[in-house]
Amino acid sequence: VRLVESGGALVQPGNSLRLSCVGSGFTFSHNIMNWYRQAPGKGRMLVATITSGGGWTNYGAPVQGRFTVSRDNAKNTVYLQMNSLNSEDTGVYYCHTVNDGVAYWGQGTQVTVSS
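One numbering rule holds for all chains: residues counted from 1, following each sequence as written. Totals for whole chains, interfaces and linings use all residues, but because this is a predicted model, local features are given only for residues with pLDDT of at least 70 and pairs of side-chain atoms are given and counted only at 80 or more. Side-chain descriptors were evaluated using all non-hydrogen atoms of the structure, hydrogens and water having been removed beforehand.

Would you take a moment to explain the nonpolar core for this structure?
Nonpolar side chains tend to gather and get buried jointly when the protein is soluble and globular. If you look at the biggest cluster of nonpolar residues, it comprises 24 residues, and the most contacted ones within it are Trp-35, Val-78, Leu-80, Met-82 and Tyr-93. When residues of this core are traced back to their parent elements, those giving at least two are β3 (17–24), β4 (33–38), β5 (44–50), β7 (67–72), β8 (77–82), β9 (91–99) and β11 (109–113). Put simply, buried Ala, Val, Leu, Ile, Met, Phe, Trp, Tyr and Cys residues joined by side-chain atoms within 4.5 Å make one nonpolar core. Note on classification: 1.4 Å probe, protein chains only; a residue is buried when its accessible area is under 20% of the maximum for its type, exposed when over 50%, partly exposed between these limits. For the purposes of this entry, the term helix denotes a DSSP run of H or I that reaches at least four residues, the term strand denotes a run of E that reaches at least two, and both are numbered from the N terminus.

Structure below.
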């Protein structure tokens, strides 16, 4: 199982960014996918969840209404659209799934929101 995130960048407050995560080594379309983030000096926080078919999503309270998770099972890819970014969104964003009872993480992609 391999998860590879991309799309992180340095952006100004109020701007938008889209992260991508490509999965391989498992049947992507069968798995719930999650996005977590880890701010400097803090633990990992669940940002968003999307079910295998994409029909249900859930968000952490700090990002509700600003972030949107989606997926393209034909491309084995899950996305995180982040709008109205602020400094508290700064951190490393990780893609996560559980496959056959084992949790897998990507290497993370850095998002920095600063003027």
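Now that the structure has been shown, we can carry on.
Help me understand unusual backbone geometry, please; the structure alone is not making it clear to me.
If a residue is not glycine, its phi is most likely negative; likewise, a peptide bond is most likely trans. Although it is not a glycine, Ser-84 sits at a positive phi angle of roughly 50°. Along the polypeptide, Ser-84 turns up in the loop between β8 and β9. Judged by relative accessible area, Ser-84 falls into the partly exposed class, the value being 44%. In this structure, Asp-100 takes a positive phi of about 50° despite not being glycine. With respect to the helices and strands, the residue Asp-100 is situated in the loop between β9 and β10 (102–105). Asp-100 gets classed as exposed once you look at its relative accessible area, which sits at 75%.

What should I look at first to understand the pattern of salt bridges in this one?
Side chains bearing opposite charge may pair, as long as their charged atoms lie close to each other. One side-chain nitrogen of Lys or Arg within 4 Å of one carboxyl oxygen of Asp or Glu is enough to make a salt bridge. Per the stated rule, a full pass over the model turns up 2 salt bridges. Between Arg-37 and Asp-89 there is a salt bridge; the shortest N-O distance is 2.8 Å. Taken together, the residues Arg-37 in strand β4 and Asp-89 in the loop between β8 and β9 connect sequence positions 52 residues apart. Like Arg-37, the residue Asp-89 is buried in the burial classification. With its nearest N and O atoms 2.8 Å apart, the salt bridge here joins Asp-89 to Arg-66. Note that Asp-89 is positioned in the loop between β8 and β9 and Arg-66 in the loop between β6 (57–59) and β7, a separation of 23 residues in sequence.

What's the story with the pairing of β8 in this structure? I'm lost.
Working note: regular strand, side chains alternate between the two faces of the sheet. Taking burial as the measure, the 6 residues of β8 include 5 buried ones, the bulk of the element. Sheet topology places β3 next to β8; 6 bridges connect them, and they run antiparallel. Along β8, the bridge assignment pairs Arg-18 with Gln-81. Summarising the sheet, β7 and β8 pair through 6 bridges and their orientation is antiparallel. Only when DSSP finds a minimum of two bridges between them are two strands counted as paired.

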